[in-house]
Amino acid sequence: MKWITRSKVKVDRVACPWLINRFVDRNAEFIFVPANQAVAEAKKQNAIAFDIPGVEPGHHGRECSFEAILKKYRLTDDPALTLLGKIVNGADTDNQLWNQPEGPGLSAIAEGFRHLGFEDDREINTAEWIVYDAIYACCQEMIRQGRHDGALKE
C-alpha cells in the first residue's frame, strides 16, 4: 500500500513510517510531498494520508499521529509501543500531555538527522529507523522492569 505525508520529516513523520513498516504494512511505500500537495496527491495515488491536518491518522487534540496509528490499527495492547507513543508525543509536541523525560532527547536526535546531509526524506527515514528500533527495545525493557511511565533505571 502507498502511504503519503508531508515532506521535510522530523519526529512524527519518521516514527509513523517506522511503526507502519514494522507493525502495520511490511510492504509499505512511503511518499513525501509538500504539505500543500499532500491531500490531493493522496487521492491521486490512492494512498493513505498520515500526519496531515484533518486526516484520521493525524494529530487529534494533544495526541500525535503516532498515537493515532496505534489506536487505528489496534496496537495499544503492546505496552512498549504505547510507551514509545508517549515518547514520540513528547518529542513532537510541547511534551505537556505525557511529560516524557525522553521526549526532548528524541527531538534533538531527529533535528540532528535533518542536518547530516541526507538527500531526501526516504534516506532520513532509512537511517533513523535504527533509532526507533533502539528506543522500542528500551521501552520493552522499561516495561519488563514495571516502569510503564518510562524513565529507565540503570
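Below you will find a few notes about this structure. All residue numbers refer to positions counted from 1 along the written sequence of the respective chain. Whole-chain, interface and lining totals are the exception, using all residues; otherwise, since this is a predicted model, local features are given only for residues with pLDDT of at least 70 and side-chain atom pairs are given and counted only at 80 or more. The side-chain numbers reported here are obtained from all heavy atoms of the structure, hydrogens and water having been left aside.

Only DSSP runs of H or I covering at least 4 residues are called helices, and only runs of E covering at least 2 are called strands; the numbering of each starts at the N terminus. Within the protein chain, the secondary structure is distributed over six helices and three strands. Each helix and strand of the protein chain, placed in order from N terminus to C terminus, yields the pattern β-α-β-α-β-α-α-α-α. Its C-alpha atoms give the protein chain a radius of gyration of 15 Å, near enough to 15 Å, the size a compact globule of 154 residues would have. Dimensions along the principal axes, computed over C-alpha positions, put the protein chain at roughly 50 × 35 × 30 Å. We call two residues contacting when some pair of their heavy atoms lies within 4.5 Å. The contacts in the protein chain between residues at least 6 apart in sequence include a share of 66% that link residues at least 24 apart. Residue-level accessible areas treat just the shown protein chains as cover; the underlying method is Shrake-Rupley with a 1.4 Å probe. Only carbon and sulfur atoms are counted for the fraction: they give 50% of the accessible area of the protein chain, which is about 8,000 Å². Here the globule rule is a power law, 2.2 Å times the number of residues to the power 0.38, and the radius of gyration is based on C-alpha atoms.

Once that is clear, we can look at unusual backbone geometry. Unusually for a residue other than glycine, K8 sits at a positive phi of about 65°. Tracing the backbone shows K8 in the loop between β1 (2–6) and α1 (12–24). When accessible area is computed with a 1.4 Å probe and restricted to protein chains, residues below 20% of their type maximum are described as buried, those above 50% as exposed, and intermediate ones as partly exposed. Judged by its relative accessible area of 61%, K8 falls in the exposed class. Its identity is not glycine, yet R74 carries a phi of approximately 50°, on the positive side.

Once that is clear, we can look at the pairing of strand β2 (residues 29–33). It is a general feature of regular strands that their side chains alternate between the two faces of the sheet. Most of β2 is tucked away: four of the five residues are buried. In the sheet, β1 pairs with β2 via five bridges, with the strands oriented parallel. Looking at β2, one finds that I4 is bridged to I31. Seen with the strands pointing away from the viewer, any crossover whose path from the first strand over the helix to the second strand runs clockwise is right-handed. Since β1 and β2 lie parallel, the crossover through α1 that links them has a hand, and here it is right-handed. Between any two strands, pairing holds if DSSP finds at least two bridges.

This paragraph deals with the state of the cysteines. Pairs of cysteine sulfur atoms within 2.5 Å are identified as disulfides in what follows. For the structure shown, the criterion picks out zero disulfides. Sulfur of C64: no disulfide; nearest cysteine sulfur belongs to C16 and is 6.6 Å away. By relative accessible area, C64 is classed as buried at 0%. Among the cysteines around C138, which has no disulfide bond, C139 carries the closest sulfur, lying 5.9 Å off. Residue classification places C138 among the partly exposed positions, given a relative accessible area of 27%.

With that settled, consider the nonpolar core. For this analysis, a nonpolar core means a set of buried residues of the types Ala, Val, Leu, Ile, Met, Phe, Trp, Tyr and Cys, connected via side-chain atoms within 4.5 Å. Ranked by internal contacts, the top residues of the largest apolar core, which has 37 residues, are W18, F66, L84, V88 and L106. Listing elements by their share of this core, those giving two or more residues are α1, β2, α3 (65–72), α4 (79–92), α5 (103–113) and α6 (121–144). Residue contributions to this core peak at nine residues, all from α6. Once you skip the residues sitting within four places of it in the chain, V88 turns out to touch V11, D12, A15, C64, F66, L106 and Y132. In terms of nonpolar packing, the next biggest core, distinct from the first, is built from nine residues, I4, V33, A47 and I52 among them.

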